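# Geometric and topological summary
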Amino acid sequence: MVTRLVYDDDCGFCTWCARWAVRLAPVEAVGFADLSAADRDLLPDDYETCAHLVAGRTVYSCGEAIEQTLARSHPAAGYLFGALRGVPGYASVRERAYRWAADHRDWWGKVVSAGAIR
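Residues numbered from 1 in each chain as written. Predicted model: local features only at pLDDT ≥ 70, side-chain atom pairs only at ≥ 80, totals over all residues. Heavy atoms only, no water.

## What to know about the layout of surface pockets
- Considering only enclosed or pocket space, the largest pocket measures out at about 700 Å³ in volume.
- Looking at the largest pocket, it is lined by 33 residues, and the ones nearest its centre are Phe13, Cys17, Ile66, Tyr98 and Ala101.
- Of all the secondary-structure elements, those providing two or more residues to the lining of the largest pocket are strand 1 (3-7), helix 1 (12-24), helix 3 (63-73), helix 5 (90-103) and helix 6 (105-113).
- When residues of the lining of the largest pocket are assigned to their parent elements, the largest contribution, eight residues, is made by helix 5.
- For the lining of the largest pocket, the residue count by class is 24 nonpolar, three polar and six charged. (1 Å grid on protein atoms, 1.4 Å probe; cavity = no way out; pocket = protein on both sides within 12 Å on 5 of 7 lines; lining within 4 Å. Points joined across faces, edges and corners; volume = space filled by probe spheres on them. Helix = DSSP H or I, 4+ residues; strand = E, 2+ residues; numbered from the N terminus. Nonpolar A, V, L, I, M, F, W, Y, C, P; charged D, E, K, R; others polar.)

Here you go:
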């Protein structure tokens, strides 16, 4: 089963993140522009508002997509996120953090394009 990270390929920061994820985790990156009709059918109607991780027919969206990608990057990360999921309020904090980062993509794009984060 191929696990796919679906991302906004018009966003430089999102593209940087997707490339980074492919190096760390057993995922394939697919930009919004390259989605087939069958791919889009799996995603929520508003799929262009955030990233998604598609594992078989299971779709994780926004912060949960990033968490699931990171959890696949190393067993220790998987254990960490497993523990965090048991913390009351964690999912809400995770999604707010994702939205904050997504809302500041222009700034993050400048940081990564300047080589500050590799």
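There is more to say after this.
## Quick word on the environment of Ile66
- Checked against the element boundaries, Ile66 lands in helix 3.
- For Ile66 and Tyr98, which are 32 residues apart along the polypeptide, the C-alpha to C-alpha distance reads 8.3 Å.
- Among residues more than four places away in sequence, those in contact with Ile66 are Ala51 and Tyr98. (Contact = heavy atoms within 4.5 Å.)

## Some words on the pattern of salt bridges
- If you walk through the whole model with that rule in mind, you get seven salt bridges.
- For Glu28, the salt bridge identified is with Arg4, shortest N-O distance 3.0 Å. Residue Glu28 is located in strand 2 (residues 28-31), and its partner Arg4 is located in strand 1; the two are separated by 24 residues in the primary sequence.
- The exposure class assigned to Arg4 is partly exposed, which follows from its relative accessible area of 22%.
- Two residues, Arg94 and Glu95, come together in a salt bridge whose shortest N-O distance is 2.7 Å.
- Owing to a relative accessible area of 15%, Arg94 belongs among the buried residues under this scheme.
- Overall, the relative accessible area of 25% leaves Glu95 in the partly exposed class. (Salt bridge = Lys/Arg side-chain N within 4 Å of Asp/Glu carboxyl O. Buried < 20%, exposed > 50% of the residue type's maximum accessible area, 1.4 Å probe, protein only.)

## Remarks on the pairing of strand 4 (residues 58-61)
- In terms of strand pairing, strand 3 (residues 52-55) meets strand 4 through four bridges, oriented antiparallel. Along strand 4, the bridge assignment pairs His52 with Ser61.
- Counting the residues between successive antiparallel strands, the hairpin from strand 3 to strand 4 contains two residues, one of them, Gly56, with a positive phi of roughly 65°. (Pairing = 2+ DSSP bridges.)

## Side note on the sheet that holds strand 4
- The strand order 2-1-3-4 describes an open sheet built from four strands, whose pairing is mixed. At either margin of the open sheet sits one strand with a lone partner, and together these are strand 2 and strand 4. Geometrically, the sheet is characterised by an average inter-axis angle of 25° between neighbouring strands, direction not taken into account. (Axes fitted to C-alpha atoms, helices over the stretch in contact; angles between N-to-C directions.)

## Side note on the state of the cysteines
- Taken as a whole and assessed by the stated rule, the structure comprises one disulfide.
- Between the sulfur of Cys50 and that of Cys62 lies a disulfide, 2.1 Å long from S to S. With the S-S bond torsion at -70°, the cross-link from Cys50 to Cys62 turns out left-handed. Placement of Cys50 in the loop between helix 2 (37-42) and strand 3 and of Cys62 in the loop between strand 4 and helix 3 is noted, with a sequence separation of 12 residues between them.
- The thiol sulfur of Cys17 is not disulfide-bonded, and the nearest other cysteine sulfur, from Cys14, lies at 6.5 Å. (Disulfide = S-S within 2.5 Å.)

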